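Structural overview
Residue-level listing of the chains:
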Amino acid sequence: MDYFAGQVAERYDATLGDRGDPVVVGATVDFLVELAREGAALELGIGTGRIAVPLAAQGVRVHGIDLSPDMVAQLRAKPGGGEIPVTIGDFSSTRVGETFSLAYLVFNTINNLTTQDAQVVCFESVASQLEPGGCFVIEVGVPSGEPLRVFALSETHVGVDEYDAATQRLVSHHFSLVDGLWERLSIPFRSVSPSELDLMARLAGMRLRERWSGWTREPFTAESRRHVSVWEKP
């Protein structure tokens, strides 16, 4: 199901919060440029091109995969966005017929795959499209264990995560004030721990290269609420 169709896609960039901050975007792009090693990059869940457009502007050849034509339409409307090739499909299993030095999933997008099987398939698909020595990068939150957590609170947007530790099911509820009326959007996810991701990578023939709590390589600790992990294909 495409949870990002229509007005969700149209408003998406306006709801990014800190993730839309040029400083955050710049740090993300710098991190990825270094790993691309002058090769091509594959973005899974390319969306509106928040990262792909500035990454391509740095000279990295980017190819995207996304399930939502409406999100890709927003990408196409941006300067440079029309030049980025995008394959419409399920990023867990779609293969684009070429290999890359880098593949990446940012902003919790791995959680959009709501089963363990789909997440495992995603790692296998990425590994098959990476060149030897290529890297797979994921940015995702660390499961908090809290049944309910408010992750956004403003006069026009309230975000609440509902988490079931027994099933690892996570539902993000967004309440947005639009034209004087409150609208609700609930999106299902599957939360996944760093160690489970490491095992998925190992099953796909990759190994952990580095893990940080942010794009500027802050140390990952027991207090970290998210991680940026890099797995390498030998």
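For the structure, check the block above.
**Focus on the side chain of Arg-211**
- Relative to the helices and strands, Arg-211 is located in strand 10 (residues 207-212).
- A polar contact is formed between the side chain of Arg-211 and the side chain of Asp-198, at a distance of 2.6 Å.

**Quick word on the sheet that holds strand 10**
- If you trace the seven strands from one edge of the open sheet to the other, you get 3-2-1-4-5-11-10, paired in mixed fashion. The sheet is open, and its two borders are formed by strand 3 (86-88) and strand 10, each paired with just one other strand. Within the sheet, the average angular offset between the axes of one strand and its neighbour, ignoring direction, is 20°.
- Its contacts with the sheet place helix 4 (residues 69-76) against strand 2 (61-66) and strand 3, and it is angled at close to 165° to strand 3.
- Where helix 5 (residues 116-129) meets the sheet, it contacts strand 1 (40-44), strand 4 (100-105), strand 5 (130-141) and strand 11 (226-232), and its direction lies at approximately 145° from that of strand 5.

**A closer look at the nonpolar core**
- Core analysis: the biggest nonpolar cluster contains 28 residues, and Cys-122, Phe-123, Phe-136 and Met-206 have the highest contact counts within it.
- Contributions of two or more residues to this core are made by strand 1, strand 4, helix 5, strand 5 and helix 6 (194-203).
- Sort the elements by how many residues they give to this core and helix 5 lands first, with six residues.
- Counting 27 residues, the second-largest nonpolar core is a separate cluster that includes Phe-31, Ala-52, Leu-55 and Val-62.

Reading the values: rules and limits
Residues numbered from 1 in each chain as written. Predicted model: local features only at pLDDT ≥ 70, side-chain atom pairs only at ≥ 80, totals over all residues. Heavy atoms only, no water. Helix = DSSP H or I, 4+ residues; strand = E, 2+ residues; numbered from the N terminus. Polar contact = N/O pair within 3.5 Å; in protein donor to acceptor, adjacent residues only side chain to side chain. Pairing = 2+ DSSP bridges. Axes fitted to C-alpha atoms, helices over the stretch in contact; angles between N-to-C directions. Contact = heavy atoms within 4.5 Å. Core = buried A, V, L, I, M, F, W, Y, C linked by side-chain atoms within 4.5 Å. Buried < 20%, exposed > 50% of the residue type's maximum accessible area, 1.4 Å probe, protein only.

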